[in-house]
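Secondary and tertiary structure notes
One-letter residues, chain by chain:
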Amino acid sequence: MKKQKQHYFEAFSFNPFDLLSEEILFMILDLLSHNPLDIKSFSLVCKSFYFTESKHRRLLKPFRQEHLPAILRRYPNITHLDLTLCSLVNDTFLSIISNACALTLRSIDFSRTRLFSTSAFLSLALNCKILVEIDLSNRTELKDSAIAALAEAKNLEKLWLARCKSITDMGVGCIAVGCRRLKFICLKWCLGVGDLGVGLIAVKCKHIRYLDLSYLPITHKCLSSILKSQYLEELVLEGCFGIDDDSLAVLKHKCKSLKSLDVSACQNLSHNGLSSLISRAEGLQQLTLAHGSPVTSSLADGLKKLSLLQSVKLDGSLITYDGLKAIGNWCVSLTELSLSKCSGVTDEGLSSVLTKHTGLRKLDITCCRKLTDVSIAQITNSCKSLTSLMMESCILVSREAFILIGQQCHLLEDLDFTDNEIDDRGLKYISRCSKLSNLKLGICLNITDEGLIYISSGCSKLLELDLYRSAGITDFGILAIAQGCPGLEMINIAYCKDISDRSLLSLSKCSRLKTLETRGCSLITSFGLAAIAVGCKELTKLDVKKCQNIDDAGMLPLAHFSQNLRQINLSHSSVTDIGLLSLASISCLQNITILHLKGLTPSGLAAALLACGGLKKVKVQAAFRWLLPYQLVEHLEARGCMFQWRDKVLKEELDPKCWKLQLEDTMP
């Protein structure tokens, strides 16, 4: 009878998940893509889910190169491979990649790798026929021979070579001849590349759309060819000192397709040369003139012809009143204006701009220290469509001005009020901005929990909150934020001296929290940190520097629950060898700072460093440099770990108000 019953159930038993089609499972995986732990849980449900997840994955960012063979066997459809965490990829691994991903790979990032040869690179270029994007940034040792091998990737469309200082015109010329489909190329800080190499790119790569030539020793000789490019949309000439007024005056060709131009820090370029250049690109929509020549009426008048201009960035420049007034007289209506750290910006000058450009959506007046309530009134009256307002250290703006912002600009999503006089009443009105996602209130000494309660009740979409050194905040304010903003992803409560474990217990309910900075919060303990570890499994960055009550008891829950943790600062805490060693179970951990740990011994440090196999950067007291076996340090550096030896003296912490006064004394 028992056997008959068993056969009966076996005949009719089935896995209900088998009824779901692959298309439906792919849709589910698309919705889970923001959290790796969710995807992992999905793949563990049953075999069919496991194989479906393997087929679905397209992007891969492995933590260690030794796992590459097994990972690539499991995931056969990878199109985008990010190797920035695998600094020791050598010829063997590159051969495995080129064979395993020959039919699918479209993009690969080598910007942190060092060890493979030209022949292995050539094999990759020949095998992966559909490869369209390669990032080789920071490869300072890369030679022309490797670039010549890359030219075999005939379908290449995007190439990033920033800071490849050893390549020359010859290597870039090979790219120009071999990769005719190239659309995007970055040559920033490639100091060996000049007019010849850039000119070849412009002539041979007919479909080029993005060209970054920052800090190259180029002159007008290659600009003529560049401006002939039929599809060029974005040109970056930042720091190109070889470009001056005289050389631009001889240019004849126009580039009707150009939409974005960056001539920041071009010290030899005045309004005359700029006018010559811009007259050949009348379709510009975005213009960046940061850290350049003074913005005068002559320069501004030269930009009048740009009828499609939407964004202007003048960061770090000297601006005259006449220059701002001339910008206000433009026929075009800007949507973005950045005046960050510009000297010469006054209420009268800014008002003349805002009166005309009422469609502004982004405005940056960071460190414009001459602005007062007059400017804020003009902003709120004229620019009601603002979504982003950056106004750090506008020290002459009074508390009442922030009320106007909340009353008039309800579409704001990003606000930076760092080092301002805003108070709780101002935050009450700011809370009307229901779309607010990023709020910076660092060094705002007039705000208290009452203001945060207002924010929590009106800004439920808040993702990032910075309260650095805002000394009036206590646990009650953080509790309100945690309850009213459940989607919070980043919070900085560093040096908020009244914050305790209560705040961490509240924040542990924010399951999407990724970054937590509690530096200098002396009242928090390992108990609160344990709650964060259990509740915030997506945590990737943690700073508990100068939290003396954090000890080994806080590290153990982190080691067990915080498997996404990548960066941690334990300096000046009470963590010992045991706590540090327990973190070895976090395979994602890459960056660790451990200065002034009294309970740390050379043997304990050595054991922890060996056990944490994924470390990429370690900041540690300089004294340990001579206490650790040099063979160990060499082994870790060969494994891809970089050491930063520090000899900082422990300084006594200042009161927030004294700290702010000291900061203001150092400013011009």
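Look up a bit, the structure's there.
Brief notes about the packing of aromatic side chains
- For the coordinates displayed, the defined rule picks out 11 aromatic pairs.
- Counting every residue linked through ring pairs, the aromatic cluster contains Phe110, Phe116 and Phe121.
- Taking the ring centre of Tyr75 as reference, the NZ or CZ of Arg57 above it sits at 4.7 Å.
- If you follow Arg469 out to its NZ or CZ, it ends over the ring of Tyr495, 4.0 Å from the centre.

Looking at the nonpolar core
- Grouped together as the largest cluster of nonpolar side chains are 192 residues, with contacts concentrated most on Leu237 and Leu441.
- Setting aside its immediate chain neighbours within four residues, Leu441 contacts Phe417, Ile422, Leu427, Ile447, Leu452, Leu465, Asp466, Leu467 and Ser470.
- Among the nonpolar cores identified, the runner-up in size contains six residues, and Leu25, Leu29, Cys46 and Phe49 belong to it.

Concerning the pattern of salt bridges
- Scanning the model with the defined rule gives 12 salt bridges in all.
- The partner of Lys497 in a salt bridge is Asp498, with the nearest N and O atoms 3.5 Å apart.
- With a relative accessible area of 42%, Lys497 lands in the partly exposed category.
- By sharing partners, the salt bridges in this structure join Glu53, Arg57 and Arg74 into a single network.

Comments concerning a positive patch on the surface
- A cluster of basic side chains, namely Lys154, Arg180, Lys204, Lys206 and Lys228, defines a positive patch on the protein surface.
- Counting through the fold element by element, Lys154 comes out in the loop between helix H8 (144–150) and strand E5 (158–160).
- For Lys154, a relative accessible area of 45% corresponds to the partly exposed category.

Reading guide: rules and limits
Residues numbered from 1 in each chain as written. Predicted model: local features only at pLDDT ≥ 70, side-chain atom pairs only at ≥ 80, totals over all residues. Heavy atoms only, no water. Phe/Tyr/Trp six-rings, centres within 6.5 Å; stacked < 30°, edge-to-face > 60°. Lys NZ or Arg CZ within 6 Å of the ring centre and 35° of its normal. Core = buried A, V, L, I, M, F, W, Y, C linked by side-chain atoms within 4.5 Å. Buried < 20%, exposed > 50% of the residue type's maximum accessible area, 1.4 Å probe, protein only. Contact = heavy atoms within 4.5 Å. Salt bridge = Lys/Arg side-chain N within 4 Å of Asp/Glu carboxyl O. Patch = residues over 30% accessible without salt bridge, like charges linked within 9 Å, V, L, I, M, F, W, Y side chains within 5 Å. Areas by Shrake-Rupley, 256 points an atom, 1.4 Å probe, with all protein chains shown as cover. Lys, Arg positive; Asp, Glu negative; His and termini not counted. Charge placed at Lys NZ, Arg CZ, Asp CG, Glu CD. Helix = DSSP H or I, 4+ residues; strand = E, 2+ residues; numbered from the N terminus.

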